[in-house]
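Breakdown of the fold
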Amino acid sequence: MMLYRHEISGSFYSWRGSAWIIAASLIFSLVAYLLLTDKELSLLDQGEMLFTLAEVIIALGIAMSAVSASSAISSEIESGTLESLLLTPITHSQIAIQKMFSIVTTWAILYLVSIPYLIVVASGTNLALSAVLYVGLYGTLLVIAISMISIVISWRLKSSKNSIMMTLMIVLILLAPSLFFGTSLKKTDFGLALENINPVSQAMNSMDNILVDNEQTYLQQISHILPVIAFTFICTLIFVVFTRKFEVKSAE
Amino acid sequence: MIEIVAEKGRKILPTKPTFHVHDLIMADQKMNNNNSISCMGITKTYRNFKAVDSLTMDVNQGDIFGFLGPNGAGKTTTIRMLCGLLSPSAGHAMVAGLDIIKDSTTIRKIIGLLPESSGFYNWMNAEEYLLHFAALYKIEGSTAMRRTRELLESVGLADRSSAPIGYYSRGMKQRLGLARSLINEPRIIFLDEPTLGLDPKGQQDIQKILLELNHEKGVTIFLSSHALGDVYSLCNRMAIVNHGELVAQGSIEELRKLVGGSNGIVVSILNSEGLEKKLSNLNYKFEINAGKNNKIIDISIFEGISESINEILDSIKKIDLHIYEVRRSEMSLEDVFFQLTGTKEYSQENTIGNNHKLEVEQSSEYN
């Protein structure tokens, strides 16, 4: 796990490396503060407030993992460090896996930072535990899936700029039904089809059911959890197949 | 995945990567093979472009082997194939008796590579950087620390080891790259332009380190360089490639013979009246070179020097000429390189090792 430790120490090296934690805390503070104090937002049902915060946490986690995973390999290629890494007895798959774990660790820290905010916004309800559990479950599954697919893109495109652009497009497509689709568009056949196959939409719908509609049994959520698990499984397969072998050509 | 398995088939070390005892024994036997590097027709093709074309060559254990060729000749691609970074499109090669495809993980444990342009983690310092790589090679902590300090000392970075690598000059990074390539105590080192960007002291230091490694630890060195002076002074054998193909391989003497060049002596004599007439009485074939203000004339003698030089000098004295200076004249590696890389047509059979006759067609640009 040496490479994992190296990646983690690189992510938290000096105050600049850890600045994202402060930025994330500020975003959570701002969202929680607005939800609780803003005249219009404070009129929302507390479950809806919690759902909004959960959406922000997961969306931030997905965006962060997508950006850092999409440059995980390409930045090593661009800086010329991948070659020396590939010369050690560590395998291609191990490099990819350890990079993926370091990104999931970053998500884990973001998640830990978000827990107090979830508890504060849920105060006075019995939703705190569910919010913490489901944000953890869906966030982790989606971050793992997005990290793996982004690492594959980074591995294949070999350019940070191109792989970040490509990954952000995928993230936008995944987040679009939840963040950008209006109610009327969601009710069309296209909107419904997109929601049904979209793991992020399924995760958000599940949390909507739990936090807003108060359907808290696991059985009721199984139809939402399965597509997320299936998406993670497909991403894992792609990850395993495409990170087995990598060549560093002379020009790279 | 290979696993260490006890006699009754019970796994005794489930950690990855693991090895069958049989595989380890086989690997050890293979590594005892005398040929350190052996390429058999390796080819690398990118779409329609052949970067390396049917390259066949051998590097013996303990050699300092020079690998020469013009830009784009396929040197770096060959090194990357031998190090397991690229798979050959055809042919096969062995490094320390191990197959570069099947045994690439084992090969990576016993080789070191200093690439032409290495990347570094600029936020780390030199010590952290070497310890990081030592850990990737699974070198135990105290050994890693000792080796790191020794290497930093030998490459001359001990006093700057705590500064971030981002502040290092190109030459310092090159020294650090060399230290990294030696962290696993490799049996074979591949060096791609190791002295590029180094000051004369740095070049001398690297030469010294390489000679020490070769003489004291028997490390085989595969050196690709455009610095022909380095290659000449370090290498006992060399290969020249051009357009992805092997042009020739052998010792410098063998390469000189291959291009028809030979060693001779240059005798500087004091100019005097009737010089040419006196020289016509000399029983050796000679050439008169440009002299120094015509007071001293250089005479190059290439044939007959297998005889004692004293006999040649006596002959010159007998014809009443005054010798000012005597020195050896050798065809330079540069001349050999230009002649061989100017070859239009080449047959693999022309390598020195096979004692075949070379028919060199020189291109007009070098004539």
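Residues numbered from 1 in each chain as written. Chains lettered and ligands numbered in written order. Predicted model: local features only at pLDDT ≥ 70, side-chain atom pairs only at ≥ 80, totals over all residues. Heavy atoms only, no water.

Much of the literature gives interface size as the accessible area that the parts lose upon coming together. In this complex, chain A contributes 26 residues to the contact, which on the side of chain B involves 31 residues. Summed over both sides, the interface of chain A with chain B buries roughly 2600 Å², with 59% coming from carbon and sulfur. Between chain A and chain B we count 1 salt bridge in total. Residue Glu83 of chain A pairs with Arg80 of chain B through a salt bridge whose shortest N-O separation is 2.6 Å. Inspection of the region where chain A meets chain B yields 6 residue pairs in polar contact (both at pLDDT 80 or more). Breaking the side of chain A that touches chain B down by element, the ones donating at least two residues are helix H1 (2–11) and helix H6 (82–86) of chain A. With 5 residues, H1 of chain A is the single largest residue contributor to the side of chain A that touches chain B. (Contact = heavy atoms within 4.5 Å. Buried area = accessible area lost by both parts, 1.4 Å probe. Salt bridge = Lys/Arg side-chain N within 4 Å of Asp/Glu carboxyl O. Polar contact = N/O pair within 3.5 Å; in protein donor to acceptor, adjacent residues only side chain to side chain. Helix = DSSP H or I, 4+ residues; strand = E, 2+ residues; numbered from the N terminus.)

Residues and elements named next belong to chain B. The assigned domain composition of chain B is domain 1 (21–251) and domain 2 (259–366). Of the residues lining the interface, 18 residues belong to domain 1; the matching set on domain 2 comes to 13 residues. Between domain 1 and domain 2 lies a buried interface of about 1300 Å² when both sides are counted; carbon and sulfur atoms form 69% of it. The interface formed by domain 1 and domain 2 includes 0 salt bridges. Looking at the side of domain 1 that touches domain 2 element by element, the count peaks at 6 residues for strand S12 (residues 245–250). Across the side of domain 1 that touches domain 2, the residue classes tally to 11 nonpolar, 6 polar and 1 charged. (Domains from an automatic or database assignment. Nonpolar A, V, L, I, M, F, W, Y, C, P; charged D, E, K, R; others polar.)

Moving on, we come to the packing of aromatic side chains. Applying the stated criterion across every chain, the model contains 10 aromatic pairs over all chains. On the numbers, 5.7 Å between centres and 25 degrees between planes, the contact of Trp107 of chain A with Tyr111 of chain A is stacked. Here Trp107 of chain A pairs with Tyr111 of chain A, and both are found in helix H7 (residues 92–121), just 4 residues apart, close to one helical turn. Here the two residues Trp107 of chain A and Tyr111 of chain A agree in accessibility, since each one is buried. Judged by centre distance (5.9 Å) and plane angle (65 degrees), the ring pair of Phe337 of chain B and Phe338 of chain B falls under edge-to-face. Among the residues examined, Phe337 of chain B registers a relative accessible area of 10% and is labelled buried. For Phe338 of chain B, a relative accessible area of 34% gives the class partly exposed. (Phe/Tyr/Trp six-rings, centres within 6.5 Å; stacked < 30°, edge-to-face > 60°. Buried < 20%, exposed > 50% of the residue type's maximum accessible area, 1.4 Å probe, protein only.)

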